[in-house]
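Here is how the chains run, residue by residue.
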Protein chains: 4
Amino acid sequence: MNAVHRIEIPSILEVNNNILGSVGAYIERAGINNVVVLFGEGIRDLFGEKIMESILSRKSLNLLETYDYDDIKLENLMPKAFTIPYKTDAVVGVGGGKVLDAAKYIAFLNKLPFISIPTSTSNDGFSSSGCSLIINGRRTSVHASMPFGIIVDLDVLKNAPMKFIYSGLGDIISKITAVYDWYFEESNNAAKVDDFAAMLAKKSVNSIVRMPYTQITENFFLKEMVDSLTMSGIAMQIADSSAPASGSEHLISHALDKLLENPQLHGIQVGIATYLMSRVQEHRYERVEKFLTDTGFFAFVETLKMKVEDFQKAIDLAPSIKPNRYTYLHVPENREKAKVLLKSDNILKRILV
Amino acid sequence: MNAVHRIEIPSILEVNNNILGSVGAYIERAGINNVVVLFGEGIRDLFGEKIMESILSRKSLNLLETYDYDDIKLENLMPKAFTIPYKTDAVVGVGGGKVLDAAKYIAFLNKLPFISIPTSTSNDGFSSSGCSLIINGRRTSVHASMPFGIIVDLDVLKNAPMKFIYSGLGDIISKITAVYDWYFEESNNAAKVDDFAAMLAKKSVNSIVRMPYTQITENFFLKEMVDSLTMSGIAMQIADSSAPASGSEHLISHALDKLLENPQLHGIQVGIATYLMSRVQEHRYERVEKFLTDTGFFAFVETLKMKVEDFQKAIDLAPSIKPNRYTYLHVPENREKAKVLLKSDNILKRILV
Amino acid sequence: MNAVHRIEIPSILEVNNNILGSVGAYIERAGINNVVVLFGEGIRDLFGEKIMESILSRKSLNLLETYDYDDIKLENLMPKAFTIPYKTDAVVGVGGGKVLDAAKYIAFLNKLPFISIPTSTSNDGFSSSGCSLIINGRRTSVHASMPFGIIVDLDVLKNAPMKFIYSGLGDIISKITAVYDWYFEESNNAAKVDDFAAMLAKKSVNSIVRMPYTQITENFFLKEMVDSLTMSGIAMQIADSSAPASGSEHLISHALDKLLENPQLHGIQVGIATYLMSRVQEHRYERVEKFLTDTGFFAFVETLKMKVEDFQKAIDLAPSIKPNRYTYLHVPENREKAKVLLKSDNILKRILV
Amino acid sequence: MNAVHRIEIPSILEVNNNILGSVGAYIERAGINNVVVLFGEGIRDLFGEKIMESILSRKSLNLLETYDYDDIKLENLMPKAFTIPYKTDAVVGVGGGKVLDAAKYIAFLNKLPFISIPTSTSNDGFSSSGCSLIINGRRTSVHASMPFGIIVDLDVLKNAPMKFIYSGLGDIISKITAVYDWYFEESNNAAKVDDFAAMLAKKSVNSIVRMPYTQITENFFLKEMVDSLTMSGIAMQIADSSAPASGSEHLISHALDKLLENPQLHGIQVGIATYLMSRVQEHRYERVEKFLTDTGFFAFVETLKMKVEDFQKAIDLAPSIKPNRYTYLHVPENREKAKVLLKSDNILKRILV
């Protein structure tokens, strides 16, 4: 008989204003003595000094090495992973998705804790145990470990381009269609829903879509967004699968990544696909519409001039991305329905060209 | 260096309508073969047949024994715990707080999984690892284990007296003042906040206080309430303390339990104290007021004719209940402020006599 | 699919000469700050000062309370458990089997680490997660937790009466017949052997029965004995059952405990029964005979004038002690064979009257 | 305060005669449904049919894919790791050290259980969580996971060339000098010994060096050897370091690997170095000498014509292999002492040229 389910959660979770200067203090307090830091492209110039200073100023914390490195090609990342100083007892990553994935994987391969310091939160990668690497030339999701620490400076997020915030919101709203797809899979005996993971995923989205705010760059709202993305990362870990956070809407985005020369940010594509799929599922679409309209997500998307044709192709390609799953889009009728909606739904007609 | 934080969560979490008949199926699917069931007072007559039938109907699941037992006096509970059949591999509790605590503790003492089937959710006990027993004549909180399973039939909750729902809501809203007290403690170097536990506790309350509903007995709202109480239980487990879910407002309720011949339901007292403390903390009190007003909590409390004097005494007694903590009420000025509010605040003046 | 098997082992394991004075240092180094100490009967006078001094001399370690307490009656132990200071973060037990069981259980009920300081090692209780309490008037084995720390001063063991050492040796040699019974059970589909637990149990006995020594009170030999008993405790924990350490030979001893006004030490009875059962099993009996002869165990037993009749009755009673098991003694023919051996085997004829 | 120490141990441990035909049964019983199998060079021809048959014959076990693959070059192994079927829920490795390391790492990268089926046990790699890969052209030890299963067919070991058995014995005896080096490090404040790991490492060697046997290829002896190597693997995992199993004697062997065109088997080099270091440490060298003489290890080594000069160079190089450690060989005087012994010790003079 399997005992109570054990899961891993971050030991450090700091989400607040102007805290880059406290990074060293948070890490030291967790009992870590020797770290290496990876900076994403251009990040060192922006935040490097502040972070390194905060580490160097701690009595029992040493900065063994810093790297400007966000190469996620496996063939480069792997050997690199084994060149870090043997004394290292934690790997810190600072920047966007790529450097966080690189640092997360270097930590995993060395069985070391990973400390995640996202400078933009365009998706839940900063808080999940998964990693997206380029293997044999293709984007591939691989296993790594849950971040030991997550440190998010809201002022940094605020000053990042708006598209990252919209992308984060698009990734959060997707839990609505993702969880619904998961239950659909279960009802078709194609999966077993982990009730607790599903509950957390739902809470993560419900707590933000229902909250009042004046503008999406206000602290309270941004913090809620970060917390929600964090919970989404935990939900995947509990389920030991991406299912609670990623359904048919994610398959459409993955398909677009394959089809397009220059795809848009993950969460942007996911957000649009979430609205589409919520209409296909006929489940909570008013809520999705209201959230993506009120936050300005749709208005922003409108400026991107994304093509209806691309979405049509993506819908057809989607099921083949994860043949072992059984989402709404794995049913031919629903693909047709989705393609019809692309041309008939007023919002989609407006935001896509 | 401490590794990633490991926590325990329920393996079974079923919250839905009319699912008492599936209890056996849920338990069997989790790989359990032999169970004993404890029923609270009067519970066997109401739901016993349905639950036992659902267990007996499973091929690989045996019902070894059933008991009508909700005695939480340690001197009776302990020896009782060691009389269950040696083949037992899970203990099921069905009913209110007392039988759940009794079953949870019997499971703990036998290192067996506990399956929690609350017939009313007036507080987060059904989902927490803690246990409230009577030891040497006094209510005492002791350690036990996280429930392995939580099964909640919404139709059962709906048909329970309304006071239980109000009590559940009162216990949820208290996370607002509890978490605020916790940060207050940290800022006074009297505690270390577990950021993740605090985040979950906040999500648990935010997701429900912000949700739209027509009446509090509707499925969607009740499910959200149960999920929130469940998350609150998890938050305490993560923090390995009751701090994320219980602050000054709980101390007032504990004090009332000591002072009164016939105290009200835990969550009822806590809800009132939460409103009071949110005014003292000057933190989110509009939100608390709106929630307790809209749900009808205040209107219900008004019918109870609770006494201002009792709250005055409770405020003075509160800090001594947990001398090792440092909540707002541990500061003399705040106790005075609270007692003034009892007489000056319009809502409190209305609901208390 | 169940993941890799996780087990718990002691974090502190110190077995050496004259180390009572270092107890405080070992505990402090493990990160513990506040302890309570339980002393068995007469133990405080012998070792109390030295141990308390070693604790009080540590800068970051506090001695909150000390007790002279080795009452293992559940009805007394339970309420007692909840009277220890709330600041306690570890429970230390010093003395023989009873105080260790009492302290171990108090620690378990408070979810605190237990530090085991045996002054005699007449069985593997000091290193096991199990606890032997008196419940409803009967000796009962209950679950507790693995000791967090085990500290054994060899000089203390040396100065304890010889019977305790002989008892320890009797308990170790029993792994030979116990493991053999376990495989016998498996071959009869009455149990599933945990291969790793069985291997550890065998190693624990093989490493000592094969070692050279001049006298059993020499450091090297005593250390090996303590280590072997420790491994035996771990083996039970891995198997989540006493099977790897306790078979038909233990049933005979348990039966003698029931039958006799004044039973002998557990390990003494077990040792004799192990020799008997090794003859019944026709497995490694020369090894058992050589070990119990060379160490002087048999010679010591001879002085006790234990009765053949008692063993006859015990053999008949044995299977009923654990009806759910299926050892050699659960087969009628083997009980007959055992009783015949009691009268025909030269050694048994000599050591029993 | 850190809780009780949790470690991982294999769930499957089968060491017996003629059990290759039961491999499928063992795996299925552990709840695994879909496996891939890696065979080392030439292994498929020898044992492939028997093992595949045993898997294919199980109702709920599928053989998704088999590979002839024992390339441990990271640049080849990594991408390979991500080409296994997505349904895989365990990776099985069959053969010598290289294929086991390859399979172990592929399992680790996919977070899957690894089942270790060594056809020769020349060192403890088959039972350890570590992995020896070729990274940037150099042999490098990296982290992986503890084997989920270990299945050893003694008949297979028996029919492997004798050198593998001698190598296994050489690796076991090294625990004597390794543990002594570890305590030396601690006494010089260069390390903290994990007492439990040290105890297990000692038991692993003591249980075999003291056992009687007629020839080293007899079942009882071989099983003891496999069990000891398994325990050594566990000891390293408990210590989360190779220290309990690898000290100055291993550094000499690593140095020889660097210096020599064609180094001998790991355990052969280690065994010789263990005898040398036991003389340097002046600790249990009679025991080491007796074991390596009686088993025929020295006689076998004599036939290899290994050069004194190589050992001299290796002794000088040894400390630089692990600069962060502080073994006996890290002390200049001891290196001199060792080099003198190479020329003065009668055994070394005989077995080296």
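Owing to the predicted nature of the structure, the values given are computational and were not obtained by experimental measurement.

(A) Representation of the packing of aromatic side chains. Overall, the coordinates contain 34 aromatic pairs over all chains when judged by the stated rule. Taken together, a centroid distance of 6.0 Å and an interplanar angle of 25 degrees make the contact between Tyr180(A) and Tyr328(A) stacked. In this pair, Tyr180(A) sits in helix H6 (residues 162-187) while Tyr328(A) sits in the loop between helix H13 (308-321) and helix H14 (332-344), placing the two residues 148 residues apart along the sequence. According to the relative accessible area criterion, Tyr328(A) is buried, its value standing at 14%. Plain terms: the ring middles of Phe297(D) and Phe298(D) are 6.1 Å apart, the flat faces sit at 70 degrees to each other, and that makes the pair edge-to-face. Phe298(D) matches Phe297(D) in its accessibility class, with the two residues each being buried.

(B) Here's a closer look at the relation of the copies chain D and chain C. Mapping chain D onto chain C is achieved by rotating through 180 degrees and translating by 0.1 Å along the same axis, at an RMSD of 0.0 Å. Such values leave the two copies arranged in the relation of a two-fold axis. Among all residues of chain D, the minimum C-alpha distance to the rotation axis is found for Ser207(D), at 2.0 Å. Here 100% of the contact residues of chain D are again contact residues in chain C; the copies associate through an equivalent surface.

(C) Focus on the pairing of strand E2 (residues 12-16) of chain B. Residues and elements named next belong to chain B. Buried residues dominate E2, accounting for four of its five residues. Where E2 lies against strand E9 (residues 149-153), five bridges are found, and the strand directions are parallel. Each residue of the ladder has a partner; that of Ile-12, found in E9, is Gly-149.

(D) Region of interest: the interface of chain B and chain A. Facing 44 residues of chain B, the contacting portion of chain A comprises 44 residues. Buried area between chain B and chain A, both sides added, is near 3,900 Å², and the carbon and sulfur share of it is 62%. Where chain B packs against chain A, one counts four salt bridges. A salt bridge links Arg210(A) to Glu224(B), with the shortest nitrogen-to-oxygen separation between them at 3.6 Å. Of the residues assigned to the side of chain B that touches chain A, the class counts are 21 nonpolar, nine polar and 14 charged. Relative to strand E1 (residues 5-9) of chain B, strand E1 (residues 5-9) of chain A runs antiparallel, the two being bridged by five bridges. From the neighbouring strand, Arg6(A) faces E1(B), where its bridge partner is Glu8(B).

(E) Quick look at the side chain of Ser116(C). Residues and elements named next belong to chain C. Among the secondary structure elements, Ser-116 is positioned in strand E6 (residues 114-118). A relative accessible area of 0% means that Ser-116 is categorised as buried. One polar contact links the side chain of Ser-116 to the main-chain carbonyl oxygen of Phe-126, over a distance of 2.8 Å.

(F) Focus on the sheet that holds strand E4 (residues 62-68) of chain C. Residue and element names in this part refer to chain C. Overall, parallel pairing links the six strands, which are arranged E2-E9-E6-E5-E3-E4 in an open sheet. Edge positions in the sheet fall to strand E2 (12-16) and E4, since each of these pairs with one other strand and no more. Averaged over all pairs of adjacent strands, the angle between their axes in this sheet comes to 15 degrees, without regard to strand direction. In terms of strand pairing, E6 meets strand E9 (residues 149-153) through two bridges, oriented parallel. Bridge pairing in E9 places Ile-115 opposite Gly-149. Where helix H4 (residues 97-109) meets the sheet, it contacts strand E3 (34-39), strand E5 (90-95) and E6, and its direction lies at approximately 175 degrees from that of E5.

(G) Main features of the pairing of strand E7 (residues 130-135) of chain D. For E7(D) and strand E8 (residues 138-143) of chain D, the ladder comprises six bridges, and the chain directions are antiparallel. If you follow Gly130(D) over to E8(D), its bridge partner there is His143(D).

(H) Spatial organisation of the relation of the copies chain B and chain A. Superposition record for chain B on chain A: RMSD 0.1 Å, screw rotation 180 degrees, translation along axis 0.0 Å. A shared interface surface links the copies, since 100% of the contact residues of chain B are contact residues in chain A too.

(I) Representation of the interface of chain D and chain C. Chain D puts 44 residues into the contact, and the matching count from chain C is 44 residues. Interface area, chain D with chain C, both sides summed: about 3,900 Å², of which 62% is carbon and sulfur. Where chain D packs against chain C, one counts four salt bridges. A salt bridge links Glu224(C) to Lys203(D), with the shortest nitrogen-to-oxygen separation between them at 3.0 Å.

(J) Here's a closer look at the environment of Pro10(C). Mapped onto the elements of the fold, Pro10(C) is located in the loop between strand E1 (5-9) and E2. For the pair formed by Pro10(C) and Glu28(C), sequence separation is 18 residues and the distance between their alpha carbons is 15 Å.

(K) Structural context of the domain arrangement of chain A. Residues and elements named next belong to chain A. Here the domain parsing of chain A yields domain 1 (12-159) and domain 2 (162-351). Placing the centre of domain 1 and that of domain 2 at their C-alpha centroids yields a distance of 27 Å. Each partner contributes residues to the interface: domain 1 has 20 residues there, and domain 2 has 25 residues. Both faces combined, the contact of domain 1 with domain 2 buries some 1,700 Å², and carbon together with sulfur accounts for 64% of it. Per-residue buried area on domain 1 facing domain 2 is highest for Ser-122, Asp-124 and Lys-158; these three make up 29% of the total on that side.

(L) Spatial organisation of the UniProt feature "binding site: NAD(+)" (unreviewed entry) in chain A. Residue and element names in this part refer to chain A. Mapped onto this numbering, the UniProt entry gives "binding site: NAD(+)" (unreviewed entry) at Gly-97, Lys-98, Val-99, Leu-100, Asp-101, Thr-119, Ser-120, Thr-121, Ser-122 and Ser-128. Along the chain, Thr-119 turns up in the loop between strand E6 (114-118) and strand E7 (130-135). By relative accessible area, Thr-119 is classed as buried at 11%. In contact with Thr-119, other than residues within four places in its own chain, are Ile-43, Phe-47, Val-94, Gly-95, Gly-96, Val-156, Leu-157 and Ala-160. The residue Ser-128 is located in the loop between E6 and E7 in this model. Overall, the relative accessible area of 7% leaves Ser-128 in the buried class. Ser-128 has contacts with Lys-104, Ser-145, Met-146, Pro-147, Gly-233 and Met-236, leaving out every residue within four places of it along the chain.

(M) The UniProt feature "binding site: glycerol" (unreviewed entry) in chain A, seen in detail. Residues and elements named next belong to chain A. Listed under "binding site: glycerol" (unreviewed entry) in the UniProt record, and renumbered for this structure, are Asp-124, Asp-171, His-250 and His-266. These annotated residues cover 143 residues of sequence, and their C-alpha atoms lie no more than 12.6 Å from one another, placing them together at a single site. By secondary structure assignment, the location of His-250 is in helix H9 (residues 248-259). Those residues in contact with His-250, other than ones at most four positions away along the chain, are Asp-171, Ser-174, Lys-175, Ala-245, His-266 and Val-270. When near neighbours in sequence (up to four residues on either side) are disregarded, His-266 contacts Asn-123, Ser-167, Asp-171, His-250, Ser-253 and His-254.

(N) Inspection of the arrangement of the chains at higher detail. Between chain A and chain C there is no contact, and the shortest C-alpha to C-alpha distance separating them is 8 Å. There is no contact between chain B and chain D; across them, the least C-alpha separation is 8 Å.

(O) Structural detail: the sheet that holds strand E9 (residues 149-153) of chain D. All names here are of chain D. Within the open sheet, the six strands sit side by side as E2-E9-E6-E5-E3-E4. Their pairing is parallel. Each of the sheet's edge strands pairs with one partner strand only, and the pair in question is strand E2 (12-16) and strand E4 (62-68). Each adjacent strand pair in this sheet contributes to an overall mean axis angle of 15 degrees, direction not counted. For strand E3 (residues 34-39) and E4, the ladder comprises six bridges, and the chain directions are parallel. Within the sheet, the bridge partner assigned to Val-37 lies in E4 and is Thr-66. Those strands touched by helix H2 (residues 43-56) are E3, E4 and strand E5 (90-95), and its axis lies near 170 degrees from that of E4.

About the criteria used
- Residue indices begin from 1 for each chain and proceed along its sequence in written order.
- Both sets of labels track the order of writing: A upward for chains, 1 upward for ligands.
- Given that this is a predicted model, residues contribute local features only at a pLDDT of at least 70 and side-chain atom pairs are listed and counted only at 80 or more, while totals for whole chains, interfaces and linings are drawn from all residues.
- Only hydrogens and water are removed before side-chain values are computed, so all heavy atoms of the structure are retained for them.
- When the centres of two rings from Phe, Tyr and Trp lie within 6.5 Å, Trp using its six-membered ring, the rings pair. Their planes under 30 degrees apart give stacked, over 60 give edge-to-face, and anything left gives tilted.
- Here a strand is any run of E in DSSP of at least two residues, a helix any run of H or I of at least four, and the numbering for each starts at the N terminus.
- Residue burial is assigned from relative accessible area. The probe radius is 1.4 Å, only protein chains are included, and a residue is buried under 20% of its type maximum, exposed over 50%, and partly exposed in between.
- Alignment of copies: least-squares fit on C-alpha atoms of residues with pLDDT of at least 70 in both copies.
- In what follows, a contact means two residues having at least one pair of non-hydrogen atoms within 4.5 Å.
- By the convention used here, strands pair only if DSSP detects at least 2 bridges between them.
- By definition, the buried area sums, over both parts, the 1.4 Å-probe accessible area that each loses when the two are put together.
- The term salt bridge refers to a pairing of a side-chain nitrogen on Lys or Arg with a carboxyl oxygen on Asp or Glu at a separation within 4 Å.
- Throughout this entry, Asp, Glu, Lys and Arg are counted as charged residues, while Ala, Val, Leu, Ile, Met, Phe, Trp, Tyr, Cys and Pro are counted as nonpolar. The remaining residues, Gly among them, count as polar.
- Whenever two N or O atoms come within 3.5 Å, that pair is a polar contact, provided that in protein one can donate a hydrogen and the other can accept it, and provided that, for residues adjacent in sequence, both atoms are side-chain atoms.
- To define axes, lines are fitted to C-alpha atoms, for helices over the stretch in contact only, and angles between the resulting N-to-C directions are given on a 0 to 180 degree scale.
- Each domain's limits were defined by an automated method or a database of domain assignments.
- UniProt positions are given in the numbering used here, feature names are shortened, and annotations may be inferred rather than shown by experiment.

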